[in-house]
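Coordinate analysis (summary)
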Amino acid sequence: AVKIARLLRGRNQPTFTPHIDTGHFVVVINAERVRFTGRKESLKLFKSFSGYRSGLHHTTAAEMRTKHPERIIIHAVKGMLPKNNMSRSIIKRLKVYAGAQHPHGAQNPVAIEI
């Protein structure tokens, strides 16, 4: 997630400026293969709040992996971006897919091994 956040922000480029959006689009495949260390699979909680009273919902990492494995990576990357308006536009350039298939082959993506 650290390398994905750096690519999205453009920190790997010599023209990086913190207040200018110079990052790339990033396509992540095989999100279902993400591993957790230790007991995080059963103890880590993802929280979501609906906005209503008693609207806080908890989901463990194991449940999240079976239902929405791409949200694990999105949540991790979003936490590493700056908390401002620019991060909302940056996270839109992140495309995450659970399997190896994605519809972005026409853009000729460059593979980066992580």
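Residues numbered from 1 in each chain as written. Predicted model: local features only at pLDDT ≥ 70, side-chain atom pairs only at ≥ 80, totals over all residues. Heavy atoms only, no water.

All right, on to the overall build of the chain then. Each helix and strand in the chain was counted, giving five helices and four strands. Written out in order from the N terminus, the α and β elements of the chain read α-β-α-β-β-α-α-α-β. Seen through its C-alpha atoms, the chain measures out along the principal axes to roughly 45 × 30 × 30 Å. The proportion of buried residues among the 114 residues of the chain is 25%. Taking as baseline every contact in the chain between residues at least 6 positions apart, the subset at least 24 positions apart corresponds to 54%. Split by element, the accessible area of the chain, about 8300 Å² in all, is 55% carbon and sulfur. Between the mean site of the 20 positive side-chain charges and the mean site of the 6 negative ones, the chain shows a separation of 9 Å. (Helix = DSSP H or I, 4+ residues; strand = E, 2+ residues; numbered from the N terminus. Buried < 20%, exposed > 50% of the residue type's maximum accessible area, 1.4 Å probe, protein only. Contact = heavy atoms within 4.5 Å. Areas by Shrake-Rupley, 256 points an atom, 1.4 Å probe, with all protein chains shown as cover. Lys, Arg positive; Asp, Glu negative; His and termini not counted. Charge placed at Lys NZ, Arg CZ, Asp CG, Glu CD.)

On to the packing of aromatic side chains. Overall, the coordinates contain zero aromatic pairs when judged by the stated rule. One cation-aromatic arrangement involves Lys44 over Phe46; the distance from NZ or CZ to the ring centre is 5.3 Å. (Phe/Tyr/Trp six-rings, centres within 6.5 Å; stacked < 30°, edge-to-face > 60°. Lys NZ or Arg CZ within 6 Å of the ring centre and 35° of its normal.)

Let us look at the pairing of strand E2 (residues 45–49). Of the pairings in the sheet, the one linking E2 to strand E3 (residues 56–60) comprises five bridges and is antiparallel in character. Bridging from a neighbouring strand, Ser48 pairs with His57 of E3. As consecutive antiparallel partners, E2 and E3 are separated by six residues, and within that stretch Gly51 has a phi angle of approximately 105°, a positive value. (Pairing = 2+ DSSP bridges.)

Attention now moves to the confidence of the model for the chain. Overall, the prediction assigns the chain a mean pLDDT of 94, with 100% of residues at 70 or greater. Per-residue pLDDT, averaged within each element of the chain, yields its smallest value for helix H5 (residues 85–90) (93) and its largest for strand E4 (residues 94–96) (97). (pLDDT = per-residue confidence, 0-100.)

Okay, unusual backbone geometry next. Phi at Ser54 is positive, roughly 55°, even though this residue is not glycine. We classify Ser54 as exposed; its relative accessible area is 76%.

In this section: helix H4 (residues 70–80). Every buried residue belonging to H4 is among Ile72, Ile73 and Val77, and all of these are buried. All buried residues of H4 lie within an arc of 120° about the axis, which places them on one face of the element. Looking at the buried side of H4, the elements it contacts are helix H1 (2–9), strand E1 (26–28), E2, helix H3 (61–67) and E4. (Arc of directions from axis to C-beta.)

Turning to the side chain of Gln13, a few remarks are in order. Assignment of secondary structure puts Gln13 in the loop between H1 and E1. At a separation of 2.7 Å, a polar atom in the side chain of Gln13 contacts the side chain of His24. Excluding its chain neighbours within four sequence positions, the residues that come into contact with Gln13 are Thr22 and His24. (Polar contact = N/O pair within 3.5 Å; in protein donor to acceptor, adjacent residues only side chain to side chain.)

Formed by 15 residues in total, the largest nonpolar core has its most connected members in Ile4, Leu8, Val26, Val28, Ile73, Val77 and Leu94. When residues of this core are traced back to their parent elements, those giving at least two are H1, E1, H4, H5 and E4. The leading source of residues in this core is H1, at four residues. Each residue touching Val28, except ones within four places of it in the same chain, is listed here: Ile4, Ile73, Leu94, Lys95, Val96 and Tyr97. (Core = buried A, V, L, I, M, F, W, Y, C linked by side-chain atoms within 4.5 Å.)

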